Amino acid sequence: MLLEIENVGKSFKGIRAVSGASFDVEEHAIVAMIGPNGAGKTTIFNLVAGVYAPDQGEIRFRGKRISGLKPEQVCAAGIGRTFQIVKPFAGLSVLDNVIVGALHRERNVVAARKRALSILEQLGMAHKAQQPAAALTLPERKRLEVARALATRPELLLLDEVMAGLRPTEVDGMVGLFEALNRNEGTTILLIEHVMRAVMALSRRIVVLHHGEIIARGEPAQVVKDPAVLSCYLGTEAVGGDEVQA
Amino acid sequence: MSQATPVTQVDTGSMPLSRAQLLGAGCVLGLLLLPLWANNYVLSIGTLILFLALAGQAWNVMMGFAGLLSLGHALYIGLGAYTSAALYTHYEIGPWLGVWLAALLCALAGVAIGALAFRFSISGVQFSLLTIAFAEFTRIGFDHIEWLGGPAGLFLKVQQREHIDLLNLRGPPAMFYYVALALCGGTFALCRALLRGRAGYYWQAIRENEDAARALGIPTLRWKLLAVAISAALTGVAGVFFAFYYNSLFPEQVFHISRSIEIILAPVIGGIGSLVGPVLGAALLTLLADLSTELLNALGSEIPGVKQVLYGCVLLVVVWYLPHGVWPALSRALGLGREHKG
Amino acid sequence: MPEPDLIANVVLTGLLTGMIYGLMALGLSVVFGVVRIVNFAHGELMTAAMYAVVLISTAWELDPLWLMLPLGAAFFALGYGLQRGVINRFIQRPEHSQLLLMLAIATILVNGLLMGFGPDAQSVQTDYQLDSFELGPLLLDKPRVYAATAAALTALALLAYFRYTMTGKAIRACADNHMGALVTGLPLKHLYALTFGLGTACVAIAGCAQMLLLDVTPAAGPAYTLLAFVIVIVGGLGSMAGALFGGVLIGISEALAGLFVAPSAKSMFSFALLILILLVRPAGLLGARA
């Protein structure tokens, strides 16, 4: 088991963002977290990534406790993440952004530049390498976030709504990229997503959050038919629809 | 702040020299040859420019590279100056040895202040105030330290000007000029190397977005403290030069906030975060000041304060119209392109 | 160990001085709370006002107390214009740009004064400057009492203005909730300028008060700026009561430090206090936890 989240809870000034959440992510798996806005998904990401420490419970990575570690230590352990609200290094070029990430594992700037370029090529952004990050569109910035995180050679990649704002063909492209990543390099992926097209295509397991609690989990086909899941999206009266619109 | 470097490194021997490299080489040559034709007065101006450029570059490391606005850098000038001066007057230890202790002390002081600030999440204006408070506290404190001369000052033995004693930095103006040039050039080379390497990338990342930097595995606290330490140490070195060049130290002068402001003027006007900025700013400011003094002398008046009013006006104009300093605009105008960072 | 009478005297003197400090700091605090600009030229403006007092007082043989209202009004206009014309353009700029702008203005002001008046100290003479009130064993200088009373009254007037008038409340609204103020259509530029004008007026009146007690040199500018910052940080950035409280606190502690330690070291204590507060409680003693 690569990532174990055990009975984790977190409150902010009296509001319980996450309570009693437990789930595991196996190595080489692709797991999606879905749920309405405010369900606590990003909070769980932040707990795993070390932005906050959980009020209760424990998070383990490769059997070792990581809850309470600082973000840079979590990255060093092998977890990379993107941010829901993108945080590019706006004053730097696209390439330099990725070089910063690559420097985590590469010995020097020359090696980091090489790695950064190859990642940008993988993501189809090599032609934008010299542009300032501030000049990118939002979908491009999201891809830059992914490129940067990938540059740190993570074993587990946390993707926070990276498909938002993409056209269907672009979504398919990203899905293909992540599938290839998972297949070729064995990268485990945990993603938060609202774009169901991507969720259904990528993930082999889904975890559903609502009001900070996990209300369903399992294979995609089962989860989307689960009445509890449908009612939290569509309301109890509308339960029974064919396709879940996130 | 990064001028993006081209994907392929530009250093093959067969390529013609770029404009920037030519210009740079020309400046260096000019600086090296200056003492051959300049009189003592011109040399003193040159030395002052180099000193301000040195201190400005040192300050720039903290501001331009780590994004921390220190308005109390006089603290390190003072610590460096007094440490080396005390070692020389009380223990006969020359500046080349004394500078190491001075730099170390300054680095420690910087790290202490930085650590306090970071530990308690002080940034922005409050950080600036914190730096001012430390400098002022030390200024008043040193006024009460008799062993260092107190308010009456600490004086170094001045020997004949013609005899060059490099070991103790006693000698003619030309000697001081070359020492200042070496220090300034060395700092420039150091900053350039830092900017191009891991440190440069990490510092800029931290400056742009610290959260994102941490998510990429950068231990931001450590790197910020490193910037502070380097900045403080280099400023301390400038302080050592100050002590041996001016030969007299008064807490009121050395630690004063006006000195802190003097230090930041050059990089702010030249261009924060760039390599050439502080040097250019120092040159512009000093020449401007000198011109105005000459002008006033010609008009027959010697009013104190004119120089600083001019500084203030230049600062105002630059902050208003050229918030990134003179260098970016100048380099564009000279067509120097984006071949090197800074 | 000094006698209790002496200590009481010193404390009372410090309290009175603190009133003036408080008024000075009030100006800074109000400006920061509303306009969110850190006015590094604060003390320099006060010094300019003090020099104005010297000029007018000696030329027309007027007591500085009479100059409080007219000078306050004049500096209000100056502050209003400064904000509207210059500082407003920097509201959106990064913090260090604003700092540098105010630093530039401060430098020009201080050295302009140096050019105009020279480095020597100047002061104002009043008839009663050597008189004092006797309160049992305590001896209070008349000038100090007058100055402190004037300062306190001004501060109270300002507080009343902010509490009871529509414009005053509008200004406080800006401070409390910038976005809300924008959304409800308050004329921000005007209110900012008004606030800055009030802050400058405070400083002018405080300057008049100070002239009753001390002499002035151009170098006092930065010193007053720093002092104002110490007070405001200690008392609480953006808190009016905090500024007054901080002023009195610093006034008394400086006086006591002058008594128990060397007089020249009394500012050291203030700076140490500043460092402590910045680290331990950056919101200040009376400031709201942002």
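Residues numbered from 1 in each chain as written. Chains lettered and ligands numbered in written order. Predicted model: local features only at pLDDT ≥ 70, side-chain atom pairs only at ≥ 80, totals over all residues. Heavy atoms only, no water.

Observations concerning the overall build of chain B
(1) Moving on: Of regular secondary structure, chain B possesses 14 helices and two strands.
(2) Moving on: The globule rule puts the C-alpha radius of gyration for 342 residues at 20 Å, and the 20 Å found for chain B is close to it.
(3) Moving on: Overall, the C-alpha framework of chain B stretches about 55 × 50 × 40 Å when taken along its three principal axes.
(4) Moving on: Per-residue burial over chain B gives 57% buried out of 342 residues.
(5) Moving on: Long-range pairs, those at least 24 residues apart, make up 77% of the contacts in chain B with a sequence separation of at least 6.
(6) Moving on: Summed over its atoms, the accessible surface of chain B is roughly 14,400 Å², and 67% of this surface lies on carbon and sulfur atoms.
(7) Moving on: Positive and negative side-chain charges in chain B, numbering 18 and 16 respectively, have mean positions lying 12 Å apart. (Helix = DSSP H or I, 4+ residues; strand = E, 2+ residues; numbered from the N terminus. Rg over C-alpha atoms; globule rule 2.2 N^0.38 Å. Buried < 20%, exposed > 50% of the residue type's maximum accessible area, 1.4 Å probe, protein only. Contact = heavy atoms within 4.5 Å. Areas by Shrake-Rupley, 256 points an atom, 1.4 Å probe, with all protein chains shown as cover. Lys, Arg positive; Asp, Glu negative; His and termini not counted. Charge placed at Lys NZ, Arg CZ, Asp CG, Glu CD.)

Quick notes on helix H6 (residues 173-196) of chain B
(1) Moving on: When the terminal C-alpha atoms of H6 of chain B are compared, their 34 Å separation across 24 residues agrees well with the 34 Å that a helix rising 1.5 Å per residue should span.
(2) Moving on: Taken residue by residue, H6 of chain B has Pro 173, Met 175, Phe 176, Tyr 177, Val 179, Ala 180, Leu 181, Cys 184, Thr 187, Cys 191, Leu 194 and Leu 195 of chain B as its buried positions. (Expected span 1.5 Å × (residues − 1).)

Details of the interface of chain B and chain A
(1) Moving on: With 25 residues of chain B at the interface, the matching set in chain A holds 30 residues.
(2) Moving on: Buried area between chain B and chain A, summed over both chains or domains, comes out near 2,300 Å², and the portion from carbon and sulfur atoms is 60%.
(3) Moving on: Our count for the chain B to chain A interface comes out at two salt bridges.
(4) Moving on: Residue Glu 72 of chain A is joined to Arg 214 of chain B by a salt bridge in which the shortest nitrogen-to-oxygen separation is 2.8 Å.
(5) Moving on: Our count for the chain B to chain A interface comes out at eight residue pairs in polar contact (both at pLDDT 80 or more).
(6) Moving on: At six residues, helix H7 (residues 198-208) of chain B tops the list of elements feeding residues into the side of chain B that touches chain A. (Buried area = accessible area lost by both parts, 1.4 Å probe. Salt bridge = Lys/Arg side-chain N within 4 Å of Asp/Glu carboxyl O. Polar contact = N/O pair within 3.5 Å; in protein donor to acceptor, adjacent residues only side chain to side chain.)

Some thoughts on the interface of chain B and chain C
Many descriptions give the size of an interface as the accessible area lost when the pieces come together.
(1) Moving on: On the chain C side, the residues contacting the 38 residues of chain B number 38 residues.
(2) Moving on: Summed over both sides, the interface between chain B and chain C buries roughly 3,500 Å², with carbon and sulfur atoms accounting for 85% of that surface.
(3) Moving on: Counting residues per element, the side of chain B that touches chain C draws most heavily on helix H5 (residues 124-143) of chain B, which supplies 13 residues.
(4) Moving on: Partitioned by chemical class, the residues of the side of chain B that touches chain C number 29 nonpolar, eight polar and one charged. (Nonpolar A, V, L, I, M, F, W, Y, C, P; charged D, E, K, R; others polar.)

Some points on helix H6 (residues 168-185) of chain A
All names here are of chain A.
(1) Moving on: Here H6 contains 18 residues, and its C-alpha end-to-end distance of 25 Å stays within 8% of the 26 Å for a straight helix at 1.5 Å per residue.
(2) Moving on: Residues Val 171, Met 174, Val 175, Leu 177, Phe 178, Leu 181 and Asn 182 constitute the buried set of H6. Looking straight down H6, one finds its buried side chains confined to an arc of 160 degrees; they lie on one side. Of the exposed residues in H6, those oriented more than 90 degrees away from the buried face are Thr 169, Arg 183 and Asn 184.
(3) Moving on: For H6, the elements touching its buried residues are strand S3 (30-34), helix H4 (109-122), helix H5 (138-151), strand S7 (156-160), strand S8 (188-192) and helix H7 (196-202).
(4) Moving on: In the stretch just after H6, Gly 186 is the one whose phi turns positive, near 75 degrees. (Arc of directions from axis to C-beta.)

Describing unusual backbone geometry
(1) Moving on: At His 211 of chain A, a residue that is not glycine, the phi angle is positive and equals roughly 50 degrees.
(2) Moving on: When you line up the elements, His 211 of chain A lands in the loop between strand S9 (205-210) and strand S10 (213-218).
(3) Moving on: The exposed category is assigned to His 211 of chain A, whose relative accessible area is 62%.
(4) Moving on: For Asn 247 of chain B, which is not a glycine, the phi torsion comes out positive at approximately 65 degrees.
(5) Moving on: Here Asn 247 of chain B is to be found in the loop between helix H9 (220-246) and strand S2 (248-249).
(6) Moving on: Accessibility expressed as a relative area gives 8% for Asn 247 of chain B, which makes it buried.

A closer look at the environment of Leu 16 of chain C
Residues and elements named next belong to chain C.
(1) Moving on: For Leu 16, the location among the structural elements is in helix H1 (residues 4-35).
(2) Moving on: Residue classification places Leu 16 among the buried positions, given a relative accessible area of 14%.
(3) Moving on: In this structure, Leu 16 is in contact with Leu 140, Arg 144, Val 145 and Ala 148, ignoring residues within four places of it in sequence.

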